[in-house]
Amino acid sequence: MKPEILLLKPIYAPVQAQLENEYSVRKLWEGRDRSAFLREACDSVRAVVTVGVNGIAREDIDALPKLELIACFGNLTGTMDFEATRKRGIDVTDTPDRIGETVAELAAGMVIALMRRICEGDRFVRERRWPTGAPAAGNTLVAKTCGIVGLGAIGRETGARLQAFGMAIRYHGPRRKDGVGYPHHADVASLAEASDCLVIACPLVPETRGLVDARILD
């Protein structure tokens, strides 16, 4: 009998397919009632696969009596109750900073798409409006400023890529980073005022929820 594992959400399709080939996989999103699904379908689950932004809640850990391992794609900063795993002797693995460069590529790509209005241009062409009009050109990144909220591994990699496009970089975080030449802002509001666009690269934890609100966007 294959060991039973639980996926908390869909993951990279080839990896998920490999897991389904080697294990008996329970998929949390297939259960209509989360608590009932964990209780009734997952009592033999030995491992959980999750992602850094979601982690796993303590009540979910408590609902899995045979849990031995939590494996995470990404960094578990602020999304894991390590006290609960230590008490149960549950091993935890993650991939800190391994995806920093690839996530930074996507973040930089989003900034380019936003500033140059690439997605709008794509829709303009697909809707066949180009014979009778011209799409919006957007703004160049050269001499513009990007504010980065959270200058961890992903924030730094994003800043390096956007600098290569001619942008100036500023950042906000709870403290100044040693060895960083970018200007530091003590609050997000002042960073937003000084920036042409913002990149949010901090984890979603109770302390950061609502950090960028209508006031900041205004």
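Up top is the structure.
Each value, and the rule that gives it
- Numbers given for residues are sequential positions, taken from 1 along each chain in its written order.
- Whole-chain, interface and lining totals are the exception, using all residues; otherwise, since this is a predicted model, local features are given only for residues with pLDDT of at least 70 and side-chain atom pairs are given and counted only at 80 or more.
- Each side-chain value is derived from all of the structure's non-hydrogen atoms; neither hydrogens nor water enter the calculation.
- Helix and strand assignments come from DSSP, with helices taken as H or I runs of at least 4 residues and strands as E runs of at least 2, each series counted from the N terminus.
- Exposed residues in this analysis have more than 50% of their type's maximum accessible area, buried residues have under 20%, and partly exposed residues fall in between, with area computed by a 1.4 Å probe over protein chains only.
- Whenever Lys or Arg places a side-chain nitrogen within 4 Å of a carboxyl oxygen from Asp or Glu, that contact is recorded as a salt bridge.
- By definition, residues are in contact when any of their heavy atoms lie within 4.5 Å.
- A pair of strands counts as paired when DSSP detects no fewer than two bridges linking them.
- Lines fitted to the C-alpha atoms define the axes, with helices restricted to the stretch that makes contact. Angles between their N-to-C directions range from 0 to 180 degrees.
- Buried residues of nine kinds, namely Ala, Val, Leu, Ile, Met, Phe, Trp, Tyr and Cys, make up a nonpolar core once their side-chain atoms join them within 4.5 Å.
- Note on patches: the residues involved have over 30% relative accessible area and no salt bridge, like charges join within 9 Å, and the nonpolar side chains Val, Leu, Ile, Met, Phe, Trp and Tyr join within 5 Å.
- Per-residue and other accessible areas follow the Shrake-Rupley method at a 1.4 Å probe size, with only the shown protein chains counted as cover for residues.
- One less than the number of residues in a helix, times 1.5 Å, gives the span that helix is expected to have.
- An angle below 35 degrees is read as roughly parallel, one above 145 as roughly antiparallel, one from 65 to 115 as roughly perpendicular, and any other as oblique.
- Two helices that cross are described as forming a left-handed crossing if the nearer one is turned anticlockwise from the farther one by less than a right angle, and a right-handed crossing if clockwise.
- Amino acids are sorted into nonpolar (Ala, Val, Leu, Ile, Met, Phe, Trp, Tyr, Cys and Pro), charged (Asp, Glu, Lys and Arg) and polar (every other residue, Gly among them).

## A look at the side chain of K27
Looking at where K27 falls in the secondary structure, it is placed in strand β2 (residues 24-27). With a relative accessible area of 18%, K27 lands in the buried category.

## Describing unusual backbone geometry
Of note in the backbone geometry, R117 takes a positive phi value of approximately 55 degrees without being a glycine. Within the fold, R117 resides in the loop between α5 (100-116) and α6 (118-126). One non-glycine residue, R128, lies in the positive phi region at around 55 degrees. Structurally, R128 is set in the loop between α6 and β6 (145-149).

## Digging into the pattern of salt bridges
Under the criterion given, the structure shown has eleven salt bridges. In this structure, E68 and R46 form a salt bridge, with 3.0 Å as the shortest nitrogen-oxygen distance. Here E68, found in the loop between α3 (58-62) and β4 (69-73), pairs with R46, found in the loop between α2 (34-41) and β3 (47-51); they are 22 residues apart in sequence, far enough to count as distant. Among the residues examined, R46 registers a relative accessible area of 40% and is labelled partly exposed. Residue E157 is joined to R161 by a salt bridge in which the shortest nitrogen-to-oxygen separation is 2.7 Å.

## Describing the side chain of T145
Assignment of secondary structure puts T145 in strand β6. Setting aside anything within four residues of it in sequence, one finds T145 in contact with M167, A168, R170, A194, S195, D196 and C197.

## Observations regarding the environment of Q163
As for its placement among the helices and strands, Q163 is situated in helix α7 (residues 153-164). Looking at Q163, the relative accessible area reads 41%, which means it is partly exposed.

## Overview of the sheet that holds strand β9 (residues 197-200)
Strand order in the open sheet formed by four strands is β8-β7-β6-β9, and the pairing between neighbours is parallel. The two strands at the open ends of the sheet, each matched to only one other strand, are β8 (184-185) and β9. Pairing between β6 and strand β7 (residues 168-172): five bridges, direction parallel. Looking across to β7, one finds that T145 is bridged to A168. In the packing of α7 onto the sheet, the strands contacted are β6, β7 and β9, and the crossing angle to β6 comes to about 175 degrees.

## Let's talk about the nonpolar core
Of all hydrophobic cores here, the largest spans 18 residues; its most connected members are L6, V48, I61, L64 and I70. At the level of secondary structure, the elements contributing two or more residues to this core comprise α2 and β4. If we ignore the near neighbours within four places in the chain, the residues touching I70 are V48, T50, I56, I61, M80, T85, I90, D91, V92 and T93. In this structure, C146, L151, V180 and Y182 belong to the second largest nonpolar core, which totals 17 residues.

## Quick notes on a nonpolar patch on the surface
Taken together, the side chains of I200, V212 and L217 define a hydrophobic patch exposed on the protein surface, amounting to about 280 Å² of accessible area. Tracing the backbone shows I200 in strand β9. With a relative accessible area of 45%, I200 lands in the partly exposed category.

## Comments concerning α7
Here α7 contains twelve residues, and its C-alpha end-to-end distance of 17 Å stays within 8% of the 16 Å for a straight helix at 1.5 Å per residue. Buried residues along α7 sit in contact with α5, β6, β7 and β9.

## Here's the deal with the sheet that holds strand β5 (residues 91-93)
Ordered in space as β2-β1-β3-β4-β5, the five strands form an open sheet in which the pairing is parallel. Strands at the two margins of the open sheet, each flanked by one partner only, are β2 and β5. This sheet shows a mean twist of 20 degrees between the axes of neighbouring strands, independent of strand direction. For strand β1 (residues 4-7) and β2, the ladder comprises four bridges, and the chain directions are parallel. Paired with L6 across the bridge in β2 is R26.

## Observations regarding the packing of α5 against α7
Here α5 crosses α7 at 50 degrees, and the two axes come no closer than 8 Å. Taken together, the axes of α5 and α7 lie oblique to each other. Our pair here, α5 against α7, has a crossing hand that is right-handed. Only I154, E157, T158, R161 and L162 of α7 make contact with α5, whose side of the interface consists of G100, E101, V103, A104, E105, A107, A108 and V111. Grouping the amino acids of the contact of α5 with α7 by side-chain chemistry returns seven nonpolar, two polar and four charged.

Interpretation note: all reported values are geometric properties and have no functional meaning in isolation.
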